Structure formats: C-alpha cells, structure tokens
Amino acid sequence: MARWCYRHRLVVLLLWVGALFGLGFSASTAGTNYANVFSLPDTDSKSAYDLMEKAFPNTSGDTDTVVWKVDRGSVRDQAVRSRITPALDEIAKMPGVGAVTSPYAGPRGAAQISGDGRIAYAQLTFAKRANEVPKDLVQNVLDTAQGARQSGLHVELGGQAIQRVQQPPQGLSEMVGIIAAAVVLFLAFGSFFAMMLPIAIAVFGVGMGLFSTQLLSHTTDIPDIAPLLASLIGLGVGIDYALFIVTRHRRGILRGLDPEESAVTALNTSGRAVLFAGGTVCIALAGMLVTRLRFLDGVVIGTSLTVVLSVMAATTLLPALLGFLGPRVLSRRQRRKLAAEGPEPERASGLAARWSTSVEKRPRRIAALALVVMAVLAVPVLSLRLGATDQGNDDSSTTTRKAYDLLAEGFGPGFNGPLQVVTQGGDTATLVKGIESTPGVARVAALPPAQGVTVIQVVPKTSPQSKETDDLIDTLRGEVIPKAGANAHVGGVTAVSKDFASVTGDRLPLFIATIIGLGFLLLLIAFRSLVVPLTAALMNLIAAAASFGVLVAVFQWGWGLDLLGLGKEGPINAFLPVIMLSLLFGLSMDYQVFLVSRMHEEWVHTRDNARAVRVGLAETSRVINSAALIMVCVFLAFVLSGDSGAAMAGVGLAAAVALDAFVLRTALVPAAMHLLGNSNWWLPAWLEKRLPHLAVEPQEEALESPAAEGPASAVHGFVRTADGDPVDGASVTLLSKGGRQLDRVTTLADGSYIVSVPGPGAYLLATTAASYGSRAAHVVVADGPLVFDVELAEGEVDAVN
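Each residue is numbered by its place in its chain's sequence as written, counting from 1. With the structure being a predicted model, the display of local features is reserved for residues of pLDDT at least 70 and the display and counting of side-chain atom pairs for 80 or more, all residues being used for whole-chain, interface and lining totals. Each side-chain value is derived from all of the structure's non-hydrogen atoms; neither hydrogens nor water enter the calculation.

*Asks:* Honestly, the environment of Ala 352 in this entry has me stumped. Any pointers?
*Replies:* Per the convention used, a helix needs a DSSP run of H or I reaching at least four residues, while a strand needs a run of E reaching at least two, with both numbered from the N terminus. Tracing the backbone through its elements, the reader meets Ala 352 in helix H13 (residues 350-361). Counting along the chain gives 206 residues from Ala 352 to Gln 146, while the straight-line C-alpha distance between them is 58 Å. Beyond its immediate stretch of four places on either side in the chain, Ala 352 contacts Ala 618 and Ser 621. Whether two residues touch is decided by their heavy atoms; if any such pair falls within 4.5 Å, the residues are in contact.

Right under this line is the structure:
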C-alpha cells in the first residue's frame, strides 16, 4: 500500500484534498447541532426533569441574566431606571429574544431586587438553546445592556449564551499548539520540509475529523466539548504518528536506501506500529461506553473518528508526500554529508546512549527516585472531589464571572444554583414547611402548579459547588421528602451535577478495569510476555494517579490558577476522569509499544535482556521525548480555548504525557526491566500455544532484499579492543536486513570468527561482549568471502535498527 501511494502520489493528494474540501463545504452548509445530553437513568434529578418537561414543555430556550449594581443609592432610583429600562425594552424587541422579565414590572419583580436595594437582575429568555442562538444576537444583547453603564452603575451579564461570545476565537488554541509543535519539529529535524510533514498530516486528520463530527451532530447527540477534545487528541496523535514514520524514513535515506525503498520500509515498520497504537487509542476511547453515560457517547464518536482519520492520513497521505519531497526530507547539511561521505552507520550516541547506559548501571537508584517523584505528585489525588464547574470558575475579568459574583453578593451564594423540588400530588404545604425548617436553606418559593405538578424553588445558603450544598440535597432526599410523605424529586443544575458525579464515581472502577484489561491483552499478544503488560498496567495507574494529583493541585486547590489565567478553583469536572483516563491510557500505550517493540526486536535476535533494554531505550528515547514534548505543547495550548473543561483536560493531559514519557518510559520502565532480567519475556508454554499471533513488526522476509543468486560465502575477521588485544568469547551474529538471525558464533582465544553467508547481498553484523559495548555494522558481500575486523570499546553503544 505504501509503495502504491508513493508512486501514485498526485492521485492520493488530490483525493485527500478533495475529501477535506468536500467535507468542509458540507459541514459549513449544514451548520452545527451539538447537544449536551446529561441523561442519567434511575437518578432522582432525571425523575424531576421528566416531571418538569411534562408540566412545562415550553421552557427549552436558554435563560440568561442581566445584573446591575449601584455604588450609592438604590436601583429603584429614577436615574438608574431611566438607564436600564430602555436597554431592557430594546433587548426584548430583538428577533430571537423570547421574553425579558424586569424587576421594575409589577409586584413579582420586587423579588429580583436585593434586600439592600443596591443589586437587581433581569432574566432574558432566548427562543433557542444556548448553542443555537446566533452569536450576532448575543453580542447585540451584550452591547445594548453594557451601553447602560455609567459612573457608579455597573452592568454585567451571565448565562451560557453570553459565555459563548466572550470565549477566544475558535481555532486559537489549535493554532498556538501547531506553532509550538512546528518549533519542536524544526529543532528535531533541522529541515523545513520534514517539519511540515507531521503538521500537514495532523491538519488533514483533525480537519476531516471535525467536519465529520459536525455533520454527525445532526444525526446523533454530540456534546459541544467533543470537537474541542477531538482536535486536542487528533493534533497530538496526528503529529506524533507522522513523526515516528518520518524519523524512520530519514534514517533509511541516511543509511543509503533509495527514497522509495526507505518510505516503504518506514511504513512497513513504524507504519504498522502506528496502526497498532491508533487501534489501542480507539479501544481506550471506546472503553468510555461501559460507563453508560450518554453524554460521553458523542465524545467517543468525535475523538475516535479523528484518531482513525489521523492514522489513515499517516499511512496513505504521508507516503505520497514523501514521494513529492524525495531526499529533501533531509536537511541541506545532511544531504551534502551523504553525497560527500556516503551512507552513515546507524549509531545510538550522545545523551540518549549515555542515559541508557546509566539506567543499566544504576537501575535501583533510578527506579526509587522515579517512584518517589510520582508518589509525591499523586498525594493531592486523595482529596479529589468530582463536581461541575460553572461561571463562578471563570476568569475574574469576564462579565459572566462578575455577574455571578454580583448575584452571590446580592442574593446569597446559593442563588446561582437553586434546587428544584418537583412534586406530583401529596401535601405540598407540609413539604414547603419542612424544607423551610431545614438547616442550610436560605429561601423557598412554590410556583403555581401545572398539570398536577408543583415546582418548589429552593435557594441554599451555600454555593452550588460547596460540599454543604451536596449534603443539603442528600438531606432533602433522605429525610425531608419522606417525612412529608410527598412524591417529590430534587432536580436543577446543581442536583444534576451531583448525580452525574455520583454515577461517574460508581462506574469508574469498572471503566478502569475494562481499559487496563484490554491493554493487558493487547500487549500480551503483541509481545508474547506476561510481565511486560503487567508492568505497563501498573505504570498506567501510577501515571493516572500523578496526573490527577497535578490536576487537583491546580484546579481544586488553586495552585497557579492566576498565573495560567484560569479563573477560580473548584471541583474537578465529573466527566474528566473518564475522558482523561481513556486518552492517557491510549497515549501511554503508544509510547509503550514504540519502546518495548524495539526492545523485543533486540531480545528476539540476541536473547540478552540487558542489551535489549539498553539498545531499545537508547534508540527510541529521543523520538519518544520529542513526541511527548510536542503533545505537551499542543495540550497546554488548550488553556487558551476559553472553555474550562478543555483547559482542565489540556493541563491534565499535558501533565500525564510529560510524566509518562519523561519519568516512566525514560526511567522507571527500563530500570524495572533491568531489575526483572529475563523474566520480562516469560510466557508459559501452554499460553504461548493458545495465543493468536499479532506482530507489530512485519515478517522479516518482507523486509529482505532478495540476495543475488550465487554460491554461499562467509564473513570472517578478528574482534579486538582499541589497544589491539583479542576479545575472547565475544558473540558475533549475522542478520538479514529484516532482522532475521542467519548465523551466530563465538570468537576464539585469538579473537577470530567466521560466519556463513547464504549468498551475495547486504547484511547486518552485530558483535557484543560482556565487559565491552556493542557494535553493529552493515556489510555487503560480493562473490567471495569478506574480511571484516571489529573493534570494541568499553561502555559504547552502537546498534543498528
């Protein structure tokens, strides 16, 4: 497939461009129809909602609030009324505004003025839901209301529709993330064209994913946070997957391969790993379905679709783009060096090789240090409290936050999240008296009944996010309502949030067990080992605990919130643990696959665990760390999205990826594998027979260039130290280009060796000795035997992938 895409690159590019523009045109024509459906079957708040919908079917429009405060005097003063009333009348006449309830209209309006007379509010109801209200209309409402401001008169607005227009421009966070990723890629590759390849793949994958999600919002319920999360994960994996393939392709060209052969080899090795990794991310995302929370179904659809399209772009569009670039995927300096000096040996050197050797020498110390770091970061998770953020968590400079604070000041903290006790039949008067006498209740008002259903508005004394409000809901449900003998249910946004958090918390263990179990099975089949998947599962749990600890410290305790400009501390969004664990599991599996597949490849060839871990870490740590740095940049950019849920997910995932890549995969995993030794690769014989074969790497034969027909030959020579001393007992292995072992011998006392060669062609000769480093080199055998001497140096790592 890679070869076909490479050779028919113009066709492939035109198909992708046509698909992107076609989907974009369709999506822009159709518009959006996102819907936040918090369907919580068998919960008290759902029963309350069902009763209200039956009795009051015409309350679907979004209700927002205009709040004003005077520094001196009263809001009833004629000077204040003459400023506010014309603005409210003008808003009421705007097409799309259903009704405006003014505090100056009749006796009922008096309740909309605070006790001290300094704060008042008006409620305006739009004809549509918040996400369907045109932004131009909301901006007109905002400008008209704030036009009434004057010295000593403050006017602010709150509500979901108002919140939408004060968010930064859509796409800002994505653009910042792409620019940051481009800088990292340019530093890693040193080539503008190579830098642009992963960016292009991510843009195609995310663009098509978002357009498809937008179209699907017309056929199924997809929440408005789904496209944000889809672009967040799509940018990360799209850039990362292309990075892995382009890195392998560049290595191939530097090794002397023709650009087409190098691209085919890269897709047939790293491309397979990308398919496997993308599959694990989708499986992890699909794990959200076991929670049976309808709100998350749309998130699964949007994010999984974007990941699938990113994988497709990396495996079809990328080889086509590589065909257009040819050798220009290398920097000018690399091209000049390749032309002057010829192919270079693949050498794991520099910081990566030195670190790999350090981990091998001091595994206990490094493992202990990594565990201490993760444990300290995980401590805050013990005080994790799930809930829902509201406009009280917005930045203090926003009008929604100012309106929230004014309402809390004038009418009490609980006014921003009133409870709705919905009752059908029974003694309503007794129930109202019981609620009024309940500690923690500020005000109670029973609305006129409709179709036998009465709604009792209950304003708590505490804020919607406080634990005391949660306790009040439990008291009403468990004591007050049963004592009054009423058939009543507690609803409202605050009660829905509490029920959502409770349901999520109850189903979280099943969800974690599902994704950990699926990951264990995938790694067990891929690497034919029991210990490797067990280690990966444990590492995932450690990474999750530490990243949630960071999340609690920032968003719940408020550490660094002002610095990040993220508003006020509060509980962690109830849906975030499920989404974050899915994404974290999928992304950490990516790194585990890329790291361990290289170790496994070396283990299969040498049966030397220390060498396998050392070489695997030395060769993959640089690309894994580069990929992680890109993801951290992309995720942190979502702090600029203006959406508190996306900002939380961005910070949490950035912390998770950074800890996973820089601490776990670079230090703790290799240190643990050194300590475990050969048991890393243990698998009972009976299980080996029953497991299906799933190879992340291709079959070796597929990578081999057919040797030219000719007689069998040999490679022989001496293995010596840098001082010229013979190395006795060194292991010399001859491998095919695909990595299949052809012959293996041990050097004699004088350091001599001879390995048999099946015929003329290119091969790989690997040499290793216990007290020395490892050497590997490409050898080309012609018609006769080849003489090849090897020099080993102490502590050197030189391995060929």
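Still to come is the rest of the account.
*Asks:* Can you help me understand the sheet that holds strand E7 (residues 441-446) in this one?
*Replies:* Think of a sheet as strands paired side by side through backbone hydrogen bonds, with each pair either parallel or antiparallel. At least two DSSP bridges between two strands are needed for those strands to be called paired. Spatially, the four strands line up as an open sheet ordered E7-E8-E6-E9, and their pairing is antiparallel. If you trace the sheet from one side to the other, it starts and ends with E7 and strand E9 (488-491), each paired once. With direction set aside, neighbouring strand axes in the sheet form an average angle of 20°. Relative to strand E8 (residues 453-460), E7 runs antiparallel, the two sharing five bridges. Bridge pairing in E8 places Ala 445 opposite Gln 457. In this fold helix H16 (residues 428-436) packs onto strand E6 (419-424), E7, E8 and E9, with an angle of close to 10° to the strand it touches most, E8. Axis lines are fitted to C-alpha atoms, over the contacting stretch for helices. Their N-to-C directions set the angle, which ranges from 0 to 180 degrees.

*Asks:* Please explain the packing of aromatic side chains as it appears in this structure.
*Replies:* Two aromatic rings are characterised by how far apart their centres lie and by the angle between their planes. We call Phe, Tyr and Trp rings a pair once their centres come within 6.5 Å, taking the six-membered ring for Trp, and we label the pair stacked below 30 degrees between planes, edge-to-face above 60, and tilted otherwise. On inspection of all chains with the given rule, the structure shows eight aromatic pairs. Measuring from ring centre to ring centre gives 6.2 Å for Trp 16 and Phe 204, while their planes differ by 90°; the resulting arrangement is edge-to-face. Pair noted here: Trp 16 is in helix H2 (residues 9-30) and Phe 204 is in helix H8 (residues 192-216), with a separation of 188 residues, a long-range link. For the residue pair Trp 16 and Phe 204, the accessibility class agrees, reading buried in each case. Chaining the aromatic ring pairs together yields one cluster made of Tyr 121, Phe 411 and Phe 415. Positioned over the ring face of Tyr 6 is Arg 9, at 5.4 Å from the centre of the ring. The cationic tip of Arg 720 hangs over the ring face of Phe 718; the distance from NZ or CZ to the ring centre is 4.5 Å. When a residue's accessible area, from a 1.4 Å probe over protein chains only, is under 20% of the maximum for its type it is buried; when over 50% it is exposed; and in between it is partly exposed. Here, a charge over a ring means that NZ of Lys or CZ of Arg falls within 6 Å of the ring centre while also lying within 35 degrees of the ring normal.

*Asks:* In this structure, what is going on with the pattern of salt bridges? I would like to understand it.
*Replies:* One side-chain nitrogen of Lys or Arg within 4 Å of one carboxyl oxygen of Asp or Glu is enough to make a salt bridge. The final tally for this structure, using the stated rule, is 15 salt bridges. Glu 260 is the salt-bridge partner of Arg 3, the closest N and O atoms lying 3.2 Å from each other. Remark: Glu 260 occurs in helix H10 (residues 259-286) and Arg 3 occurs in helix H1 (residues 2-7); sequence separation between them is 257 residues. Note that Asp 499 is salt-bridged to Arg 477, the shortest N-O span being 2.8 Å. Placement of Asp 499 in helix H18 (residues 493-527) and of Arg 477 in helix H17 (residues 467-484) is noted, with a sequence separation of 22 residues between them. On the basis of relative accessible area, Asp 499 is assigned to the buried category, the value being 6%. One salt-bridge network, in which partners are shared between bridges, spans Arg 3, Arg 7, Glu 260 and Glu 261.

*Asks:* Just to check I follow, could you spell out the packing of H2 against H8 for this structure?
*Replies:* If you want to describe how two helices pack, look at the angle between their axes and the distance between the axes. Where H2 meets H8, the closest approach of the two axes is 9 Å, and the angle between their N-to-C directions is 35°. The crossing of H2 and H8 is left-handed. Taking contact as the criterion, the partners of Trp 16, Val 17, Ala 19, Leu 20, Leu 23, Gly 24, Ser 26, Ala 27, Ser 28 and Ala 30 in H2 are, on H8, Phe 204, Gly 207, Met 208, Phe 211, Ser 212, Gln 214 and Leu 215. Three classes are used, and their members are as follows: Ala, Val, Leu, Ile, Met, Phe, Trp, Tyr, Cys and Pro are nonpolar, Asp, Glu, Lys and Arg are charged, and the others, Gly among them, are polar. Of the residues that constitute the contact of H2 with H8, the class distribution is 11 nonpolar, six polar and no charged. Note: crossing handedness is left-handed where the near helix turns anticlockwise from the far helix by less than a right angle, and right-handed where it turns clockwise.

*Asks:* Help me understand empty space enclosed by the protein, please; the structure alone is not making it clear to me.
*Replies:* Gaps left between atoms are located by rolling a probe of water-molecule size over the structure's atoms. Both cavities and pockets are sets of points on a 1 Å grid over the protein atoms alone; in a cavity a 1.4 Å probe fits but cannot get out, in a pocket the set is open with protein on both sides within 12 Å along at least five of seven lines, and lining residues sit with an atom within 4 Å of a point. Grid points are joined across faces, edges and corners, and a volume is the space filled by probe spheres set on the points. By the definition in use, this model includes four cavities of 30 Å³ or more. Roughly 80 Å³ of internal volume is contained in the second largest cavity. Every residue lining the second largest cavity is listed: Ile 512, Ile 515, Ile 516, Asn 540, Leu 541, Ala 544, Leu 581, Leu 584 and Phe 585. Looking at the lining of the second largest cavity, the elements with two or more residues in it are H18, helix H19 (531-556) and helix H21 (576-606). Of the residues that constitute the lining of the second largest cavity, the class distribution is eight nonpolar, one polar and no charged.

*Asks:* What exactly am I supposed to notice about the side chain of Thr 303 here?
*Replies:* Structurally, Thr 303 is set in helix H11 (residues 294-325). Here a polar contact is taken to be a pair of N or O atoms separated by no more than 3.5 Å, where protein atoms must pair a possible hydrogen donor with a possible acceptor and residues adjacent in sequence count only if both atoms sit in side chains. Of note is the side chain of Thr 303, whose polar atom sits 2.6 Å from the backbone oxygen of Val 299. Ignoring any residue separated from it by four or fewer positions in sequence, one finds Thr 303 in contact with Leu 229, Ala 230, Ile 233 and Leu 285.

*Asks:* How should I be thinking about a nonpolar patch on the surface in this particular structure?
*Replies:* Together, Met 175, Ile 179, Val 183 and Leu 187 make up an exposed nonpolar region whose accessible area comes to about 430 Å². On the secondary structure map, Leu 187 appears in helix H7 (residues 172-189). With a relative accessible area of 68%, Leu 187 lands in the exposed category. A residue counts toward a patch only above 30% relative accessible area and without a salt bridge, and it is joined to like-charged neighbours within 9 Å or, for Val, Leu, Ile, Met, Phe, Trp and Tyr, to nonpolar neighbours within 5 Å. Residue burial considers only the protein chains on display, and all accessible areas are found by Shrake-Rupley using a 1.4 Å probe.

*Asks:* For this particular structure, what's the right way to read the sheet that holds strand E15 (residues 761-768)?
*Replies:* Taken together, four strands build an open sheet; the order of strands is E13-E12-E15-E16 and the sheet is antiparallel. In this open sheet, the two strands that pair with only one neighbour each are strand E13 (741-746) and strand E16 (774-781). Neighbour-to-neighbour, the strand axes of the sheet open up by a mean angle of 20°, direction not taken into account. In this sheet, E16 lies alongside E15 in antiparallel orientation, the contact comprising eight bridges. Within E16, the residue paired with Tyr 763 across the bridge is Val 779.

*Asks:* Hey, could you run me through a positive patch on the surface in this one?
*Replies:* Counted as positive: Lys and Arg. Counted as negative: Asp and Glu. His and the chain ends are not counted at all. Charge positions come from single atoms, namely NZ of Lys, CZ of Arg, CG of Asp or CD of Glu. On the surface, a cluster of positive charge is contributed by Arg 332, Arg 333, Arg 336 and Lys 337. Its place among the elements puts Arg 336 in helix H12 (residues 332-341). Owing to a relative accessible area of 55%, Arg 336 belongs among the exposed residues under this scheme.

*Asks:* What is the right way to look at the side chain of Ser 102 in this model?
*Replies:* Mapping Ser 102 onto the fold places it in the loop between strand E2 (97-101) and strand E3 (119-126). For Ser 102, a relative accessible area of 16% corresponds to the buried category. A polar contact is formed between the side chain of Ser 102 and the backbone nitrogen of Tyr 104, at a distance of 3.1 Å.

*Asks:* Is there a simple way to explain the nonpolar core in this structure?
*Replies:* The nonpolar side chains of a soluble globular protein tend to be buried with one another. Throughout this description, the term nonpolar core refers to a set of buried Ala, Val, Leu, Ile, Met, Phe, Trp, Tyr and Cys residues connected via side-chain atoms within 4.5 Å. By size, the foremost hydrophobic cluster in this structure holds 154 residues, and its most contacted members are Met 288, Phe 555, Tyr 591 and Phe 635. Top element by residues in this core is helix H23 (residues 644-676). It accounts for 18 residues. Residue contacts for Tyr 591: discarding those within four places in its chain leaves Asp 240, Phe 244, Ile 624, Ala 627, Ala 628, Met 631, Val 657, Asp 660, Ala 661 and Arg 665. Among the nonpolar cores identified, the runner-up in size contains 30 residues, and Val 70, Val 80, Ala 87 and Val 97 belong to it.

*Asks:* Just checking my understanding: could you explain H10 for this structure?
*Replies:* Between the first and last C-alpha of H10 there are 38 Å, a value that for 28 residues agrees with the 40 Å anticipated at 1.5 Å per step. At Ser 270, H10 shows its largest bend, some 35°. Taken across its 28 residues, H10 has 21 buried, putting it largely inside the fold. Here H10 starts with a cap whose side-chain oxygen sits 3.0 Å from the backbone nitrogen of Glu 260, and that cap is Asp 258. One less than the number of residues in a helix, times 1.5 Å, gives the span that helix is expected to have. The reported bend at a residue is simply the angle between two axes, fitted to the 7 residues ending at it and to the 7 residues beginning with it.

Such coordinate-based values are descriptive only and should not be taken to indicate function.
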